[in-house]
Amino acid sequence: MSKRRDPLMNSNPYYEDRNLLPEQKLWKGVLGQAIQDFVQSISERYDSEKWVSLQNMDFRFVCELAGFSSEYIYRKTLIAKEEQSGKRP
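Here the structure is a predicted model, which means the values were calculated and not measured.

## Points about the side chain of Ser-53
Piece 1. Looking at the secondary structure, you find Ser-53 in the loop between α2 (45–51) and α3 (57–66).
Piece 2. Its relative accessible area of 14% is what places Ser-53 among the buried residues.

In C-alpha cells, the structure reads:
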C-alpha cells in the first residue's frame with residue numbers, strides 16, 4: 001500500500017490503517033473502488049452515480065462500516081468529480 005495522502009480521506013496515511021479492524025480495511029477498499037468508479041469511470045458511471053448518494057442506504061452503511069462519515073465522503077467525492085471534469089480549479 002502506498003503511503004501517500006488520499007485526497008478523499010481526512011487522515012494521516014502513516015497511521016490511518018494502524019487501528020482499523022480487518023473488516024474496516026475491507027470496507028474501506030470497497031468504498032474507495034466505488035468512489036474511483038464514480039469520479040473516473042465512463043462506462044459504469046450511471047450505476048456508480050446511483051450508488052454514491054446520501055439517499056442510498058448501502059452507501060451510507062458502507063461508509064459507516066469503513067469508519068467514515070457518509071456526509072464527509074459524499075462532499076469530498078463531489079469535489080473530486082468536479083475537479084476531474086475540469087469544473088473546479
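## Side note on the nonpolar core
Piece 1. Membership of the largest hydrophobic core is limited to twelve residues, which are Leu-31, Ile-35, Phe-38, Val-39, Val-52, Phe-59, Val-62, Cys-63, Ala-66, Tyr-72, Ile-73 and Ala-80.
Piece 2. In this structure Leu-31 touches Trp-51, Phe-59, Val-62, Cys-63, Ala-66, Phe-68 and Ile-73, once residues within four positions along its chain are discounted.

## Quick notes on the confidence of the model for the protein chain
Piece 1. When pLDDT is averaged along the protein chain, the result is 79, and 70% of the positions lie at 70 or above.
Piece 2. Mean pLDDT in the protein chain bottoms out at α2, which sits at 77, and peaks at α3, which reaches 93.

## Considerations on helix α1 (residues 22–40)
Piece 1. If you check α1, its first and last C-alpha atoms are 27 Å apart, about what 19 residues at 1.5 Å a residue would give, namely 27 Å.
Piece 2. Listing the buried residues of α1 in full gives Gln-24, Lys-28, Leu-31, Ala-34, Ile-35, Phe-38 and Val-39. In an axial view of α1, the angular spread of the buried residues amounts to 130°, which keeps them on one side of the axis. Residues Pro-22 and Leu-26 are exposed on α1 and point more than 90 degrees away from its buried face.

What counts, and where the lines are drawn
Residues numbered from 1 in each chain as written. Predicted model: local features only at pLDDT ≥ 70, side-chain atom pairs only at ≥ 80, totals over all residues. Heavy atoms only, no water. Helix = DSSP H or I, 4+ residues; strand = E, 2+ residues; numbered from the N terminus. Buried < 20%, exposed > 50% of the residue type's maximum accessible area, 1.4 Å probe, protein only. Core = buried A, V, L, I, M, F, W, Y, C linked by side-chain atoms within 4.5 Å. Contact = heavy atoms within 4.5 Å. pLDDT = per-residue confidence, 0-100. Expected span 1.5 Å × (residues − 1). Arc of directions from axis to C-beta.

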